[in-house]
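Structure at a glance
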Amino acid sequence: MTSPASLPDVAQLLPDLHQLVEIESPSGDAQAISRVMDVVEGWARALGAEVENLAGGTRSFQFGEQQRPALILTHADTVWPQGTLEGMPFRVEGDRVYGPGTYDMKAGIVSAIHALRALHASGGWPLGGIRLLITPDEEIGSHSSRAHIEAAARQARAVLVVEPPVADTHALKTGRKGVGSFVLTLHGVASHAGNKPEEGASAIAEAARLIPAIHALAQPEAGTTVSVGLIRGGSAVNVIPARCTLEVDVRVSTLAEGERVTASMQALTSSDPRVRLELGGGLNRPPFERGPQTLALYARAQALAGSLGFQLSEAVVGGGSDGNFTAPLSPTLDGLGAPGDGAHATHEHVRLDRWPQHVALLTELLREV
Ligand SMILES: [Zn+2]
């Protein structure tokens, strides 16, 4: 038995969070994201990390020997554009710290660094070592980082994702829905709406016929949701519309449901042979299914939380993360970042009264997995 870990002091966590939040890093701003990574790299090097720059802007920091390391997943990008800090400054109010990207997930990065510092200070790295990956594009689908994340997960003995816990709780994430989006473009035939309507084929009319069929693919009892969230079409009110585009949000709890919805989308047909259908997109993040390996990791986390004096819970959530990519490849536990609320919202904040407990939990988990 290790002795009960001491909790880190908020006064040590806050300056590091402040430093990261003051560097605004929206997805797509490669220079800003790289500045965030430079700060993290400095912290990692001070702990003796080996650094690797991967294609597309992901960085990897390796601590200790790398024999099936425990993998910590973080992302440096936020949903907030440059200039957000002006109206939404970094500020502490009572036991909350506010600011863009605090909860999702700059405090999670700070949690990981402080857990690593605690391990380093107490005698070194666990057997097999630890690897920390920081990616630039989680908020926009992880297109440049997915291959690196999957390669690292294949070599890892466990994956700990420091996305935040469920809002305003101590709940870790033991499953996430798979997320996809389809773009259905209908190509009809334009014609004068008054003079020669019979020569046109309306892409909008066909889209209207297809929307109920698309929504009928939802199966709420199986966890499948389907929603046409964006529609664009037509060129002028007096023209039979030659083009209409539907964008469809899809969430699934199982891979089988993802395959069913994909096959059904591909099987959609037009009732008018003059309207051609073109389907793009698909399932971007596979479902992170709540499996036995994840639950075994969760059970250890729950026991550790008990010894640290707080009660953990778990939840399966609708939003995706990079944990969706790793769960099929390696035991994955998500939501190990900083507790708080308001992801992607102006009241985004971290709870300072709860954060130290979660840093200690991450530290102890890294010691054990
Ligand atoms: Zn996030």
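Residues numbered from 1 in each chain as written. Predicted model: local features only at pLDDT ≥ 70, side-chain atom pairs only at ≥ 80, totals over all residues. Heavy atoms only, no water.

A few points about the overall build of the chain
In terms of helices and strands, the chain carries 10 helices and 18 strands. Judged by the C-alpha coordinates and their principal axes, the chain covers about 85 × 45 × 40 Å. If you take every contact in the chain between residues at least 6 apart in sequence, the share linking residues at least 24 apart comes to 80%. Surface summary for the chain: the accessible area is close to 15200 Å², and the carbon and sulfur share equals 52%. Side-chain charges of the chain comprise 29 positive and 40 negative groups, with the mean position of each set lying 3 Å from the other. (Helix = DSSP H or I, 4+ residues; strand = E, 2+ residues; numbered from the N terminus. Contact = heavy atoms within 4.5 Å. Areas by Shrake-Rupley, 256 points an atom, 1.4 Å probe, with all protein chains shown as cover. Lys, Arg positive; Asp, Glu negative; His and termini not counted. Charge placed at Lys NZ, Arg CZ, Asp CG, Glu CD.)

Structural notes on the pairing of strand 13 (residues 243-252)
In terms of strand pairing, strand 9 (residues 178-187) meets strand 13 through 10 bridges, oriented antiparallel. Opposite Val179, over in strand 13, you have Arg251 as the bridge partner. Bridge count for strand 11 (residues 225-233) against strand 13 is eight bridges, and the pairing is antiparallel. Within strand 13, the position partnered with Val226 by the bridge is Val250. (Pairing = 2+ DSSP bridges.)

Describing the pattern of salt bridges
What the rule picks out here adds up to 22 salt bridges. Between Lys196 and Glu199 there is a salt bridge, and its shortest N-O distance comes to 3.9 Å. Note on Glu199: relative accessible area 45%, which makes it partly exposed. The shortest N-O distance in the salt bridge between Asp322 and Arg285 comes to 2.9 Å. Note that Asp322 is positioned in the loop between strand 15 (313-317) and helix 9 (323-326) and Arg285 in strand 14 (residues 276-285), a separation of 37 residues in sequence. Judged by its relative accessible area of 3%, Asp322 falls in the buried class. By relative accessible area, which is 5% here, Arg285 ends up buried. (Salt bridge = Lys/Arg side-chain N within 4 Å of Asp/Glu carboxyl O. Buried < 20%, exposed > 50% of the residue type's maximum accessible area, 1.4 Å probe, protein only.)

Topic: the side chain of His349
Mapped onto the elements, His349 comes out in strand 18 (residues 349-351). Assessed through its relative accessible area of 4%, His349 is described here as buried. Of the polar contacts made by the side chain of His349, one reaches the backbone oxygen of His347; its length is 2.7 Å. When residues no more than four places from it in sequence are discounted, the contact partners of His349 are Arg96, Val97, Tyr98, Thr102, Tyr103, Pro339, Gly340 and Asp341. (Polar contact = N/O pair within 3.5 Å; in protein donor to acceptor, adjacent residues only side chain to side chain.)

A few points about the sheet that holds strand 13
Note on sheets: strands pair through backbone hydrogen bonds, and any given pair is parallel or antiparallel. Here four strands make up an open sheet; going across it, the order is 11-13-9-14 and the pairing antiparallel. Where the open sheet ends on each side, the last strands, each with one partner, are strand 11 and strand 14. On average, adjacent strands in this sheet sit at an angle of 15 degrees to one another, irrespective of strand direction. Of the strands in this sheet, strand 9, strand 13 and strand 14 touch helix 7 (residues 255-266), which is tilted by about 165 degrees from strand 13. (Axes fitted to C-alpha atoms, helices over the stretch in contact; angles between N-to-C directions.)

Considering the coordination of the zinc ion
Each protein donor to the zinc ion is listed here as His75 (NE2), Asp104 (OD), Glu163 (OE) and Glu163 (OE); together their distances run 1.9 to 2.6 Å. With four donor atoms in place around the zinc ion and angles of 54 to 152 degrees between them, the coordination shape is irregular. Along the chain, the residues donating to the zinc ion fall in the pattern H-x28-D-x58-E. Remark: Glu163 occurs in the loop between strand 7 (158-161) and strand 8 (171-176) and Asp104 occurs in helix 4 (residues 102-121); sequence separation between them is 59 residues. By the burial criterion, Asp104 is buried, and Glu163 matches it. (Donors = N, O, S within 2.8 Å, 3.2 Å for Na, K, Ca; no water. Tetrahedral: all angles 85-135°; square planar, octahedral: opposite > 155°, others 65-115°.)

As for the domain arrangement of the chain
In many reports, interface size means the accessible area that the parts give up when they come together. Entries for the chain in the domain assignment read domain 1 (10-176 + 288-368) and domain 2 (178-285). At the interface, 14 residues of domain 1 touch eight residues of domain 2. Interface area for domain 1 against domain 2, summed over the two sides, is near 700 Å², with a carbon-plus-sulfur share of 39%. Our count for the domain 1 to domain 2 interface comes out at two salt bridges. Two residues, Arg285 and Glu138, come together in a salt bridge whose shortest N-O distance is 3.8 Å. The interface formed by domain 1 and domain 2 contains seven residue pairs in polar contact (both at pLDDT 80 or more). Here the residues of the side of domain 1 that touches domain 2 sort into one nonpolar, eight polar and five charged. (Domains from an automatic or database assignment. Buried area = accessible area lost by both parts, 1.4 Å probe. Nonpolar A, V, L, I, M, F, W, Y, C, P; charged D, E, K, R; others polar.)

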